[in-house]
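Coordinate inspection notes
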Amino acid sequence: MKDVHSIRPRAALWTAIVFFVTFAASPFLCMILTTFKDSADLYRKANNPFFYNTPPTLEHLELLFNNTPYLRFISNSLIVGVAVVLITLLLAIPAAYALARLTGRWGERAGILIFLVYLVPPTLLFIPLFRMVVWLGLRNNLLALVLTYPTISVPFCTWLLMGFFKAIPRELEEAALVDGQHRIGAFLRVIMPLSLPGIISVIVFTFTLTLHEFIYAMTFISNSDQRTISVGVPTELVRGDVFYWQSLLAAAVIVAIPVGLVYNLFLNRLVQGFTMGAVKG
Amino acid sequence: MASVESQRIAGVPGTQTRQLASWLDNSRIVGIAFLLPAVLYIVLLVGLPFIVAILFSVTDVTVGDTSLDFVGLKNFEAILSMEAFQYALANSFKFTIISQIGVIILANILSIILTQDFRGKWFVRFLLILPWATPISLGTIGWLWFFDSAFSPIDWILREVFGLLGPGTLLGPAKNIVWLGKPHLAQFAVIMVQIWRMTPLAAVILMAGLTSIPQDILDQAEVDGSRFFRTLFRVKLPLILPIMIIAVLFSTIFTFGDMTVVFILTRGGPVYYTQILPTWSFFVGIQGGSLAQGAAIALFLFPLLLAVAIIMLRMARRMEVN
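Residues numbered from 1 in each chain as written. Chains lettered and ligands numbered in written order. Predicted model: local features only at pLDDT ≥ 70, side-chain atom pairs only at ≥ 80, totals over all residues.

Let's shift gears to the overall build of chain A. The number of helices and strands found in chain A is 15 helices and 2 strands. In summary, chain A has a C-alpha radius of gyration of 24 Å against a globular reference of 19 Å for 281 residues, an excess of more than 25%. With the principal axes as the frame, chain A shows a C-alpha extent of 75 × 65 × 30 Å. Counting over 281 residues, chain A shows a buried share of 48%. Pairs at least 24 residues apart make up 73% of the contacts formed inside chain A by residues separated by at least 6 positions. (Helix = DSSP H or I, 4+ residues; strand = E, 2+ residues; numbered from the N terminus. Rg over C-alpha atoms; globule rule 2.2 N^0.38 Å. Buried ≥ 20, exposed ≤ 12 C-beta atoms within 10 Å, placed from the backbone. Contact = placed C-beta atoms within 7 Å.)

A few words now on the overall build of chain B. Scanning chain B from terminus to terminus reveals 15 helices and 0 strands. Each of the three principal axes of chain B carries a C-alpha extent, and together these read 95 × 70 × 35 Å. In chain B, which comprises 322 residues, the share counted as buried stands at 42%. Within chain B, contacts between residues at least 6 apart in sequence are counted, and of these 67% link residues at least 24 apart.

With respect to the helices and strands, B:Ser290 occurs in the loop between helix H13 (277-287) and helix H14 (291-299). Sequence separation between B:Ser290 and B:Val63 is 227 residues, and the spatial gap between their C-alpha atoms is 6.5 Å.

To continue, consider the packing of helix H1 (residues 7-35) of chain A against helix H6 (residues 121-133) of chain B. Between H1(A) and H6(B), whose axes approach to 8 Å, the crossing angle comes to 55°. Overall, the two elements H1(A) and H6(B) adopt an arrangement that is oblique. Handedness of the crossing formed by H1(A) with H6(B): left-handed. Side by side, H1(A) and H6(B) meet where A:Ile17, A:Phe20, A:Val21, A:Ala24, A:Ala25 and A:Phe28 of the first sit next to B:Val124, B:Leu127, B:Leu128, B:Leu130 and B:Pro131 of the second. Residue classes in the contact of H1(A) with H6(B) are distributed as 11 nonpolar, no polar and no charged. (Axes fitted to C-alpha atoms, helices over the stretch in contact; angles between N-to-C directions. Parallel < 35°, antiparallel > 145°, perpendicular 65-115°, else oblique. Left-handed = near helix turned anticlockwise from the far one by under 90°. Nonpolar A, V, L, I, M, F, W, Y, C, P; charged D, E, K, R; others polar.)

On to the domain arrangement of chain B, then. Residues and elements named next belong to chain B. The assigned domain composition of chain B is domain 1 (1-57) and domain 2 (75-321). Counting residues at the interface gives 4 residues for domain 1, matched by 7 residues for domain 2. Partitioning the side of domain 1 that touches domain 2 into residue classes produces 3 nonpolar, 1 polar and no charged. (Domains from an automatic or database assignment.)

All names here are of chain A. Each assigned domain of chain A is listed here: domain 1 (2-57) and domain 2 (69-274). The biggest single contributor to the side of domain 1 that touches domain 2 is H1, with 5 residues. By residue class, the composition of the side of domain 1 that touches domain 2 is 4 nonpolar, 2 polar and 1 charged.

Turning to its location among the elements, B:Leu165 is positioned in the loop between helix H8 (153-161) and helix H9 (183-211). Considered as a pair, B:Leu165 and B:Ser149 are 16 residues apart in the sequence and their alpha carbons are 13 Å apart.

What follows covers the nonpolar core. Within the largest apolar cluster, 168 residues are counted, with the highest numbers of intra-cluster contacts made by A:Ala252 and B:Ile205. Considering every element that reaches this core, the biggest residue donor is H9(B), with 17 residues. The contact partners of A:Ala252, leaving out residues within four places of it in the chain, are A:Met31, A:Val233, B:Leu138, B:Ile141 and B:Gly142. (Core = buried A, V, L, I, M, F, W, Y, C linked by C-beta atoms within 7 Å.)

Attention now goes to the interface of chain A and chain B. Facing the 88 residues of chain A at the interface are 88 residues of chain B. Examining the composition of the side of chain A that touches chain B, we find that 13 residues originate from one element, H1(A), more than from any other. Grouping the constituent residues of the side of chain A that touches chain B by class yields 65 nonpolar, 18 polar and 5 charged.

What follows covers the environment of B:Leu158. All names here are of chain B. Here Leu-158 lies in helix H8. In this structure, the C-alpha to C-alpha distance between Leu-158 and Lys-175, residues 17 residues apart in sequence, is 9.8 Å. The residues touching Leu-158, leaving out its near neighbours within four places in the chain, are Leu-164, Leu-165 and Leu-171.

Another aspect to go through is unusual backbone geometry. Negative phi is the rule for most residues except glycine; trans is the rule for most peptide bonds. All names here are of chain B. Put simply, Gly-269 and Pro-270 share a cis peptide bond, and its omega is -5°. Secondary-structure assignment places Pro-270 in the loop between helix H12 (260-265) and H13. The backbone of Val-178 sits at a positive phi, close to 55°, despite the residue not being glycine. Position of Val-178 relative to the elements: it lies in the loop between H8 and H9. Residue classification places Val-178 among the partly exposed positions, given that 17 C-beta atoms sit within 10 Å.

A few words now on the confidence of the model for chain B. Across chain B, pLDDT averages 86, with 90% of residues at or above 70. The least confident element of chain B, judged by mean pLDDT, is helix H1 (residues 2-10) of chain B at 44; the most confident is H12(B) at 95. (pLDDT = per-residue confidence, 0-100.)

This part takes up the packing of helix H13 (residues 229-236) of chain A against helix H7 (residues 136-146) of chain B. At a minimum axis separation of 8 Å, H13(A) and H7(B) run at an interaxial angle of 30°. Classed by the angle they form, the pair H13(A) and H7(B) counts as roughly parallel. Each of A:Ser230, A:Val231, A:Val233 and A:Pro234 in H13(A) lies in contact with H7(B), whose residues at this interface are B:Ser137, B:Leu138 and B:Ile141. Residue classes in the contact of H13(A) with H7(B) are distributed as 5 nonpolar, 2 polar and no charged.

What follows is the structure in structure tokens.
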């Protein structure tokens, strides 16, 4: 592997990096560039789409924030995200602890079963869930999303946390038990602080998941006031056949970049969850 | 800790609190109590809907008429006789399989890149992970612009930079490719966006596998005089094969069950050429109002998902043994 530091492999490495970065990031680069483009510039076929042929403008950002429900979509997404994170923590933390510690061999099996639920795609269940949402009177209500999103987050998060809990030495807990604490006391005072990194990963994962989700939001919510970002932007910011391209691409990239940054910070932990704890990321 | 201890000694606990205390110390009861909420929730909102989906598929339920009248396999007969079904079923498999081949190749290369040391690695990793981290409906909007019928930046490069598009050129005479208006190009577009989105996930999973290979194995390979590619194919890839299978299974499931990319790029068009089971299920079941047929269509997703789940279970068991 020493020859990696000679010139030719370095050149090969950077060629590959440039290729992949172009493939992965060019849509986002183009989104940022186009956001500030004047319509007269953008809608001329001969004009370079990667260059400002006329001076850049902020008018499309103003349109997005002042004349569209974009901010409403963002606040709806935030409300749903926070609520789903709370529900997920309430359900997944105890379940993961139970699976990691308190139950025997069948607990391990149950853990794998819960993980398999994560593999059930929303597209398999959205029709019966739609009927249930209507029946509960939750159509066009953000509560419909708050109720259903944990079906996607709880299985994965339970699995992820189970790995964290298992990694904490049993002796620490037993010491607390000997000190006269209850199981629950030991759990709250010993286990929880130690698994804080896992809990933060769960929060990040669940929150980004609520931002990603498309089909439930598309099916259960049909008035524009209650839309979330993932559905609101592609459906409501297009008027009939008219695409407000600059505003539309701005709307997409404004959400994409911060989510990408946060995701990048927690990547290793999320990968641990995906590899079922088989490797340490 | 001390305060709990002193409380216990100070106050003489009543029978009730003592009973509670003994319950709280009983692992079994606490275990069940901790597990129950999550299990109940999953049974009610995953298990029950799944049964309802099967139930719907053999009734005539619609958005307007929600009474469940048993119709046997009529929905399946109706679906199978529709032209769109052939496309939806074939495309679902075609798009998934072809994109997974792309994902395996690109993710392997990408994971090797990401395990090298180079300047600005954090920023490069951030850019590379963006397609997976971004809400897919928003990422796809970027591609919708790339494939625009009139102002596509890809067309501009082909036309103005390479001179391949326009009257009297190789790809001409039209000035635009109109990617999403032609059957094969629209299919290509959908597959490409799926590859674009899934490669980062598969790559970071593979990367975790590569970095977990014990250093002494790599040192041994080096001592034996093994070169970069030889080490890669003879030592590294076989060792991370189980992780690679996991990465591909996840990617397969996410691609197979996804409706967003097709919905935003083409809505299944032109005609049915990019229709897949999830989008068709949505169009028939929700927009068309026939919940019964929509549910029946979605159930065609199940066999493949079951197969993937079984493979996952086997792998999990094998890892348990190791």
